[in-house]
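Observations on the three-dimensional arrangement
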Amino acid sequence: MRDLILEKVRDAAELLGLSRELVMTKSEKDNLTLPRPRIELDFLPETFNRTGRLLGAEPSGTENIKAIRKELYQVSLPVAAQILASDPAWLKEFCYRLTAALPRGFIDAAGNYVKLEARQGEWEGFTLKRVGDQVID
């Protein structure tokens, strides 16, 4: 699931003119030597909810018997995206355009529908210098 989401964000960023190589997972190295602008994705823990929701019925065999398909789990994978840039005007414009460029949903290799949604945005000190999670003062 992580690789699939990473690919979708790379596709959207490439559509907006940012190179695919500049979309990466959160670096454990210092962020001073990495090129800007770039997008760092931080994958948070997945949650599984057992649903049992009915998906539909399909005929099985030659008799008039139908197999009922049920959804077993709903998986939620929160991702925190940090978009780092030196130019605040470019950053603001890119953030709004990236949200619009991301697909609302898609089908994965197993045939499951994956819903992709942006829920929250927050402006932080984008000029912070850090090593991993530690901020350098």
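Residues numbered from 1 in each chain as written. Predicted model: local features only at pLDDT ≥ 70, side-chain atom pairs only at ≥ 80, totals over all residues. Heavy atoms only, no water.

**Remarks on the packing of helix α1 (residues 2–15) against helix α2 (residues 88–101)**
Any two packed helices are characterised by the angle at which their axes cross and by the distance between the axes. Closest axis-to-axis distance for the α1/α2 pair is 9 Å, and the angle between their directions is 125°. By the angle class used here, α1 and α2 are oblique. For the pair α1 and α2, the sense of crossing is right-handed. For the pair α1 and α2, contact is made by Ala12, Ala13 and Leu15 and by Phe94, Leu98 and Ala101, respectively. Residue composition of the contact of α1 with α2, grouped by class: six nonpolar, no polar and no charged. (Axes fitted to C-alpha atoms, helices over the stretch in contact; angles between N-to-C directions. Helix = DSSP H or I, 4+ residues; strand = E, 2+ residues; numbered from the N terminus. Parallel < 35°, antiparallel > 145°, perpendicular 65-115°, else oblique. Left-handed = near helix turned anticlockwise from the far one by under 90°. Contact = heavy atoms within 4.5 Å. Nonpolar A, V, L, I, M, F, W, Y, C, P; charged D, E, K, R; others polar.)

**Structural notes on the nonpolar core**
Grouped together as the largest cluster of nonpolar side chains are 18 residues, with contacts concentrated most on Leu18, Val23, Ile39, Leu41, Phe94 and Leu98. When residues of this core are traced back to their parent elements, those giving at least two are α1, β2 (38–43) and α2. By residue number, the principal contributor to this core is α1, which donates five residues. Those residues in contact with Leu18 that lie beyond four places of it in its chain are Ala13, Val23, Pro37, Arg38, Ile39 and Phe94. (Core = buried A, V, L, I, M, F, W, Y, C linked by side-chain atoms within 4.5 Å. Buried < 20%, exposed > 50% of the residue type's maximum accessible area, 1.4 Å probe, protein only.)

**Thoughts on a nonpolar patch on the surface**
A surface patch of nonpolar side chains, about 500 Å² in accessible area, is lined by Met1, Phe48, Leu72, Tyr73 and Val75. Considering the arrangement of structural elements, one finds Met1 in the segment before α1. We classify Met1 as partly exposed; its relative accessible area is 42%. (Patch = residues over 30% accessible without salt bridge, like charges linked within 9 Å, V, L, I, M, F, W, Y side chains within 5 Å. Areas by Shrake-Rupley, 256 points an atom, 1.4 Å probe, with all protein chains shown as cover. Salt bridge = Lys/Arg side-chain N within 4 Å of Asp/Glu carboxyl O.)

**Focus on the environment of Gln74**
Within the element layout of this structure, Gln74 appears in strand β6 (residues 73–76). For the pair Gln74 and Thr51, spaced 23 residues apart in sequence, the C-alpha separation works out to 6.6 Å. Residues contacting Gln74, with those up to four places away along its chain left out, are Thr47, Phe48, Asn49 and Thr51.

**Looking at the side chain of Arg38**
Position of Arg38 among the secondary structure elements: in strand β2. According to the relative accessible area criterion, Arg38 is buried, its value standing at 0%. At a separation of 3.0 Å, a polar atom in the side chain of Arg38 contacts the side chain of Glu40. (Polar contact = N/O pair within 3.5 Å; in protein donor to acceptor, adjacent residues only side chain to side chain.)

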